[in-house]
Amino acid sequence: MTLAAAAATAHATTTSAAEAHGFLSPTGVEIAFLLVGLVTFGAALVTVTTRQLVHAALWLVVTLGGLAIEYLLLTAEFIAWVQVLIYVGSVVVLLLFGLMLTKAPIGRSPDADSGNRWAALTVAVAAAATLIWVVVDAFRTTWIDLDGPAAGSTKATGESLFQNWVLPFEGLSVLLLAALVGAIVLSRQAKATATEPGAPSEREPR
Amino acid sequence: MHLAYPAVLSALLFCTGLYGVLARRNAILVLMSVELMLNAVNLNLVAFDVWLSRTAEETLHSGQALTLFTITIAAAEIGIGLAIVLAVYRNRGTSDIDRLRDTAESHDADGPDRDASTAPPAEKAEATA
């Protein structure tokens, strides 16, 4: 009985909090989120549609940076800086190195998109329509209270990470080590098999 | 902030990445699209974690911990994926995933070196699509 009453009151407070903030009178945080979200989504669209491969990687930087700003707006500071450090700092650099090492064309490449582009567009639009319909229908009246202390400050994230998530954290470090060793092994095997057929003639210049 | 804003943005980004994975031909562009999908999931995790940490007073911060794990796994995945793409490029001289059809079921003659004979099916697929 008390649980039901508590749930009812909680539901009432959330709905009243959400109804107090309508969609037609957005707050400043919402306007900023919307603008940055538009930039992020536009950059993501350019990333998957441009025919210049290096430009795709550079627009991916805009997308990931925009997502870091969205994390800051959601008061998740630590995640935002980790996003900037790891994604913008290393993943995009790795992707650019990959583009360079596979001799990607610098200019427009006519075959950047495969033949099933329209099927892919149909699937993506259908999935987007379904997901947005479900999400808006489910969370139309849900309100995130962003006031007060930040929910994702470095202190809060560190405390939760090293009090409740220590074992997965250590397991993740082992996984990173395994991935590092795996990448090295993959690269070494490729080099060994590539130099094997013409080994003497290729080794002589060194 | 309404929870619908980050949820809708996350859905849009996920479907953009889905389109990229399905429509791109270069393997590195497919990896970029996979990164977009992972980032959409991260945004959802962070938004729902911030919401739950206030509404339900949940102090585990499981959403943010999972976001950090996802970012780490994405970094590992991009390293392994690029190593595989580079190995394929060294062996085959191309990173177009449409041309890597050695294990595909084909009706006509199949062999390890059929770069010239893979072009007509690709053109046919483009014409029918």
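Note that the structure is a prediction, hence the values are computed from the model and not measured.

### Digging into the confidence of the model for chain A
All names here are of chain A.
- For chain A, the mean per-residue pLDDT works out to 82, and 82% of the residues sit at or above 70.
- Low pLDDT, under 50, characterises residues 12-16; the predicted model gives this stretch 2 contacts beyond four residues in sequence or across chains.
- Note on residues 198-206: pLDDT is under 50 here. Beyond four places in sequence and across chains, it has 2 contacts.

### Quick notes on the environment of B:Asp49
Residues and elements named next belong to chain B.
- Mapped onto the elements, Asp-49 comes out in helix H2 (residues 27-55).
- Placed 15 residues apart in sequence, Asp-49 and Val-34 show a C-alpha to C-alpha distance of 23 Å.
- For Asp-49, the contacting residues outside a window of four places in its chain are Glu-58, His-61, Ser-62, Gly-63 and Gln-64.
- Among the polar contacts made by the side chain of Asp-49, one reaches the main-chain amide nitrogen of Gly-63 at a distance of 3.2 Å.

### A closer look at the pattern of salt bridges
- With the rule as written, the count across this model stands at 4 salt bridges over all chains.
- The salt bridge involving A:Asp137 is made with A:Arg140; its shortest N-O contact spans 3.6 Å.
- Notably, a salt bridge pairs B:Arg25 with B:Asp98, separated by 3.0 Å at the nearest N-O pair. In this pair, B:Arg25 sits in the loop between helix H1 (4-23) and H2 while B:Asp98 sits in the loop between helix H3 (62-92) and helix H4 (115-128), placing the two residues 73 residues apart along the sequence.
- Since its relative accessible area comes to 9%, B:Arg25 is described here as buried.

### Structural notes on the domain arrangement of chain A
- Per the domain assignment, the segments making up chain A are domain 1 (19-108) and domain 2 (165-195).
- Here the C-alpha centre of domain 2 of chain A lies 27 Å away from the C-alpha centre of domain 1 of chain A.

### Observations regarding the nonpolar core
- Counting residues in hydrophobic clusters, the biggest one holds 57 residues, and the most contacted among them are A:Leu74, A:Leu95 and B:Met32.
- Contributions of two or more residues to this core are made by helix H2 (28-49), helix H3 (53-73), helix H4 (77-101) and helix H5 (117-139) of chain A together with H1, H2 and H3 of chain B.
- In terms of residues, this core owes the most to one element, H2(B), which gives 12 residues.
- Apart from residues no more than four positions distant in its own chain, A:Leu74 is found in contact with A:Phe33, A:Ile144, A:Leu146, B:Met1, B:Pro6, B:Leu43, B:Val46, B:Ala47 and B:Val50.

### Brief notes about the interface of chain B and chain A
- The interface is formed by 75 residues belonging to chain B together with 96 residues belonging to chain A.
- Per-residue buried area on chain B facing chain A is highest for B:Met1, B:His2 and B:Tyr19; these three make up 12% of the total on that side.
- Between chain B and chain A we count 0 salt bridges in total.
- If you look at where chain B meets chain A, you find 17 residue pairs in polar contact (both at pLDDT 80 or more).
- Secondary-structure elements contributing two or more residues to the side of chain B that touches chain A are H1, H2, H3 and H4 of chain B.
- Ranked by the residues each element gives to the side of chain B that touches chain A, the list is headed by H3(B), at 24 residues.
- The residue inventory of the side of chain B that touches chain A, partitioned by class, reads 49 nonpolar, 18 polar and 8 charged.

### With respect to the UniProt feature "transmembrane region" (unreviewed entry) in chain A
Residue and element names in this part refer to chain A.
- Mapped onto this numbering, the UniProt entry annotates "transmembrane region" (unreviewed entry) at residues 27-46, 53-72, 78-97, 118-136 and 165-186.
- For residues 53-72, helix accounts for 100% and strand for 0%, while the C-alpha atoms at its two ends are 29 Å apart.
- Helix makes up 100% of residues 78-97 and strand 0%, with an end-to-end C-alpha separation of 27 Å.

Thresholds applied
- Residues numbered from 1 in each chain as written.
- Chains lettered and ligands numbered in written order.
- Predicted model: local features only at pLDDT ≥ 70, side-chain atom pairs only at ≥ 80, totals over all residues.
- Heavy atoms only, no water.
- pLDDT = per-residue confidence, 0-100.
- Contact = heavy atoms within 4.5 Å.
- Helix = DSSP H or I, 4+ residues; strand = E, 2+ residues; numbered from the N terminus.
- Polar contact = N/O pair within 3.5 Å; in protein donor to acceptor, adjacent residues only side chain to side chain.
- Salt bridge = Lys/Arg side-chain N within 4 Å of Asp/Glu carboxyl O.
- Buried < 20%, exposed > 50% of the residue type's maximum accessible area, 1.4 Å probe, protein only.
- Domains from an automatic or database assignment.
- Core = buried A, V, L, I, M, F, W, Y, C linked by side-chain atoms within 4.5 Å.
- Buried area = accessible area lost by both parts, 1.4 Å probe.
- Nonpolar A, V, L, I, M, F, W, Y, C, P; charged D, E, K, R; others polar.
- UniProt positions renumbered as here; feature names shortened; annotations may be inferred.

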